[in-house]
Each structure stands twice: as structure tokens, then as C-alpha cells.
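Remarks on the overall topology
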Amino acid sequence: MLELNKTKYLDSNSILSYRLFLSLTEQFKSSLVKISKTVESSMITGIDNSSLIKNESDYMIELIRAYNFGVHLTLNGNELDIEAVSISSILYKTAQNLRKIAINYGVNVDLNFSGKHNLVLSNSEGLEASLMSLGIALIEALPGHNNNKLNIHLATHRCRYGIVAGIYIEDEFLTNDTLKKGRNLYGKVRQPLTNLSHSASAGVFIADNILSSLNLKLKTSHHKKLYGLGVVLSPISQLELIK
């Protein structure tokens with residue numbers, strides 16, 4: 001993993017991108033092992049597991065896409081277009097895409113909207129990429145907890161600061177303290193979020209990087225009796241849209 005004495009000639013953004021890359025490659029090792037074992041099983045049993053291989057490959061492609069998007073922003077400092085975004089629509093589209101990956105892990109993906117929410121001011125591509133990365137990380141982590149609660153929930157609710165959009169599970173595996181430690185450890189150790197997952201949890205840190213580029217902060221969050229990770233977004237009133 002990362003050796004700090006070898007990064008003294010890199011600026012902070014390059015180090016961040018390097019750490020994300022190391023986390024991503026660790027994640028890919030796990031996926032490639034699964035693909036290899038699936039192929040081996042097919043060769044032995046004659047059972048067609050091509051759909052499982054495709055879904056795992058799609059998982060990797062989505063992480064690469066999000067990683068590239070975030071690193072491009074970090075290194076080039078390009079400003080994204082900020083616009084009126086329907087967070088409910090983004091969560092719906094993200095849920096549809098996550099279900100294709102979740103089937104491999106026996107995980108259910110649900111939508112849970114609390115009340116009617118207005119549009120938010122943000123960037124749709126950035127939000128979708130970050131939520132997709134978070135969802136992938138939670139889907140991959142859940143089966144390792146040896147329980148029957150294999151559900152993730154994409155949800156929104158209001159708070160005093162705005163509208164919270166996040167991805168939640170039914171057990172509290174993450175706290176602010178473990179997330180803070182994970183931010184310091186990813187790219188340096190193989191399992192930076194051991195409370196959540198025994199993998200690299202690359203999706204969490206890729207999402208964190210994208211949201212930072214949008215001047216947003218990934219935080220632990222509660223939704224009803226669910227626990228997860230979310231971001232606070234600024235709502236737009238109809239009056240502001242008319243202006």
C-alpha cells in the first residue's frame with residue numbers, strides 16, 4: 001500500500017488520486033478473484049454463470065467510471081455545471097442500476113422517500129456517480145455480516161439544513177469516528193473500514209472525493225430506523241426557479 005516517504009514530490013491532489021487508485025486496485029482484486037472462481041465453477045459443473053460474471057464486471061466498470069470522474073475533477077480543477085436537480089429522479093435511476101449489481105450478492109435495493117421534496121441545487125452527474133459508488137460499497141459489504149438483513153435503502157428526508165439524500169442499511173456499522181479514521185487510512189491499509197467491510201471499501205472514498213469536488217460533505221446519517229451515509233443538499237423553491 002501507500003508509503004508516505006515515496007510521495008514527497010507529489011502535491012496533495014496527486015497524493016489523493018494515488019491513494020484512491022490503490023484503494024480501487026485492492027477492490028478489484030476481490031472482484032477478479034470472484035470472477036475467477038465463478039469461471040472455475042462453470043468449468044467443473046457445466047453450469048452457465050455468465051450472468052454473474054457480467055454483473056461483477058459491471059460493478060467494476062461503474063467504480064472505474066466514478067473514479068475517473070472524481071480524479072479528473074481533483075487534478076484538473078474543472079468546475080461542474082450547477083443546476084436544478086431532481087434528487088428523487090437521481091435516486092430512482094441509481095436504484096435501477098444498483099439492482100443489476102445487487103442480484104449477485106442476494107441484496108435487495110429499495111427506495112424510501114419521506115414526503116414531497118423540492119429540487120436541489122447541484123450537479124446531476126456528480127451526485128449520481130457518488131451515490132452509485134456508495135451503493136456498490138454497501139452491497140458488497142452486507143453479505144459479510146452474517147445476518148438476514150440484506151437490504152439497502154436509497155432515501156431522502158428533510159433536515160434543518162436542507163434535504164438529505166443517502167443510502168442506508170438496517171444495522172449501524174459506521175460511526176463518524178470510523179468514517180474519519182477510514183479517510184485517514186484508505187490507500188494505506190487494505191481494510192480501512194473494518195466495521196463495515198473486509199474489503200477496501202473503495203466506493204465510499206470515491207464517493208467522498210466526488211462530493212468534496214461539489215463542495216459537499218459525506219456524513220454518517222440516520223433515516224427513520226436505518227443507518228448509512230448521506231449528504232445534505234440545498235433545496236430550490238419554485239420562486240427561485242422563476243427568477
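Once a new chain begins, its residue numbering starts again from 1 and follows that chain's sequence as written. Local features are withheld for residues below a pLDDT of 70 in this predicted model, meaning they are given only at 70 or higher, and side-chain atom pairs are given and counted only at 80 or more; totals for whole chains, interfaces and linings count all residues. Water and hydrogen atoms play no part in the side-chain values, which are based on all heavy atoms of the structure.

**A word on the pattern of salt bridges**
Any two side chains of opposite charge can pair, so long as their charged atoms come close to each other. Any Lys or Arg side-chain nitrogen found within 4 Å of a carboxyl oxygen on Asp or Glu counts as a salt bridge. Evaluation of the coordinates by the stated rule reveals seven salt bridges. Where Lys29 meets Glu26, a salt bridge forms, and the shortest distance between an N and an O atom there is 3.2 Å. Note that Lys29 and Glu26 are positioned in helix H1 (residues 12-45) at a spacing of three residues, about one turn of the helix. Across the pair Glu26 and Arg190 runs a salt bridge, and its minimum N-O distance is 3.7 Å. Of this pair, Glu26 sits in helix H1 while Arg190 is found in the loop between helix H5 (176-185) and helix H6 (202-213), placing the two residues 164 residues apart along the sequence. Looking at Glu26, the relative accessible area reads 11%, which means it is buried. For every residue, the accessible area obtained with a 1.4 Å probe (protein chains only) is divided by the maximum for its type, and the residue is called buried under 20%, exposed over 50%, and partly exposed between those limits. What makes Arg190 exposed here is its relative accessible area of 52%. In this structure, a network of salt bridges that share partners links the residues Glu26, Lys29 and Arg190. A helix here means a DSSP run of H or I that spans at least four residues, while a strand means a run of E at least two residues long, and both kinds are numbered starting from the N terminus.

**Examining the sheet that holds strand E4 (residues 151-159)**
Strand order in the open sheet formed by five strands is E2-E4-E5-E7-E6, and the pairing between neighbours is mixed. Two strands close off the open sheet at either side, each with one partner strand: strand E2 (108-113) and strand E6 (219-223). Each adjacent strand pair in this sheet contributes to an overall mean axis angle of 30°, direction not counted. In the sheet, E6 pairs with strand E7 (residues 226-233) via five bridges, with the strands oriented antiparallel. Looking across to E7, one finds that Thr220 is bridged to Leu229. Along the sheet, helix H3 (residues 87-102) contacts E2, E4, strand E5 (162-169) and E7; its crossing angle with E2, the most-contacted strand, is approximately 170°. Residues are treated as being in contact if the distance between any of their heavy atoms lies within 4.5 Å. Simply put, an axis is a line fit to the C-alpha atoms, just over the touching stretch for a helix, and the angle between two N-to-C directions goes from 0 to 180 degrees. Its contacts with the sheet put helix H4 (residues 124-141) on E2, E4, E5 and E7, and the angle it makes with E5 is roughly 25°. Strand pairing follows a simple DSSP-based rule, namely that at least 2 bridges must link the two strands.

**Focus: the side chain of Ser133**
Within the fold, Ser133 resides in helix H4. With residues up to four places along the chain from it excluded, the contact list for Ser133 reads Leu63, Ala66, Gly203, Val204, Ile206 and Ala207.

**Focus on the packing of helix H2 (residues 50-76) against H6**
Contact geometry of H2 with H6 gives a least axis separation of 9 Å together with a crossing angle of 35°. As for the relative orientation of H2 and H6, their crossing is left-handed in sense. Residues Leu63, Ala66, Tyr67, Phe69, Gly70, Val71, Leu73 and Thr74 of H2 form the contact with H6, whose own contacting residues are Gly203, Ile206, Asn209, Ile210 and Ser213. Handedness of a helix crossing follows the sense of rotation of the near helix relative to the far helix, less than a right angle counterclockwise being left-handed and clockwise being right-handed.

**Some words on a nonpolar patch on the surface**
To count toward a patch, a residue needs a relative accessible area above 30% and no salt bridge. Like charges then connect within 9 Å, nonpolar side chains (Val, Leu, Ile, Met, Phe, Trp, Tyr) within 5 Å. Note on areas: Shrake-Rupley, 1.4 Å probe, and residue coverage restricted to the protein chains presented here. A cluster of nonpolar side chains, namely Val39, Met43 and Ile44, defines an oily patch on the protein surface of about 350 Å² accessible area. Structurally, Met43 is set in helix H1. On the basis of relative accessible area, Met43 is assigned to the exposed category, the value being 69%.

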